[in-house]
Amino acid sequence: MKAFEVQFRYVDRNEQKVESTVMVDASNLPGAVGKATREFVKGLDRKQRFDMNKNGLEITAKFFSATTESKSETSAEAAAS
């Protein structure tokens, strides 16, 4: 699994930008965006969801790092060599 950082931005009814960042573990980028979007939208109330749908949601995702399991396996293999 890989760690991804997904940022969300939308404009609310008071013309203020609302930003949020979610860290997600997923096997690929599309999976991370889907998982993070579900988590983000679940945390919004009805009016915030309406504002997000009306003004659009900007999603920015980037690879953050591999999980510690992969790193520990790699270091164990290097020590064995």
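Just so it is clear, the structure is predicted and the values come from calculations on it, not from any experiment.

Further remarks concern the side chain of Asp12. As for its placement among the helices and strands, Asp12 is situated in the loop between β1 (2-11) and β2 (17-26). In this structure, Asp12 is buried with no salt-bridge partner, the nearest side chain bearing the opposite charge being Arg13 at 7.0 Å. At 2.9 Å, the side chain of Asp12 and the backbone nitrogen of Gln16 are in polar contact. Apart from residues lying up to four places away in sequence, Asp12 is in contact with Val18, Asp51 and Asn55.

Topologically, Arg9 is positioned in strand β1. Of note is the side chain of Arg9, whose polar atom sits 3.2 Å from the side chain of Gln7. Those residues in contact with Arg9 that sit more than four places away from it in its chain are Lys17, Val18, Glu19, Gly56, Leu57, Glu58 and Thr60.

This part covers the pattern of salt bridges. Here the structure, examined in full by the defined rule, presents 4 salt bridges. Between Glu5 and Lys62 there is a salt bridge, and its shortest N-O distance comes to 3.5 Å. Note that Glu5 is positioned in strand β1 and Lys62 in strand β3 (residues 58-66), a separation of 57 residues in sequence. Note that Arg9 and Glu19 form a salt bridge whose closest N and O atoms lie 3.7 Å from each other. Taken together, the residues Arg9 in strand β1 and Glu19 in strand β2 connect sequence positions 10 residues apart.

So, how was this worked out
- Residues numbered from 1 in each chain as written.
- Predicted model: local features only at pLDDT ≥ 70, side-chain atom pairs only at ≥ 80, totals over all residues.
- Heavy atoms only, no water.
- Helix = DSSP H or I, 4+ residues; strand = E, 2+ residues; numbered from the N terminus.
- Buried < 20%, exposed > 50% of the residue type's maximum accessible area, 1.4 Å probe, protein only.
- Lys, Arg positive; Asp, Glu negative; His and termini not counted.
- Salt bridge = Lys/Arg side-chain N within 4 Å of Asp/Glu carboxyl O.
- Polar contact = N/O pair within 3.5 Å; in protein donor to acceptor, adjacent residues only side chain to side chain.
- Contact = heavy atoms within 4.5 Å.

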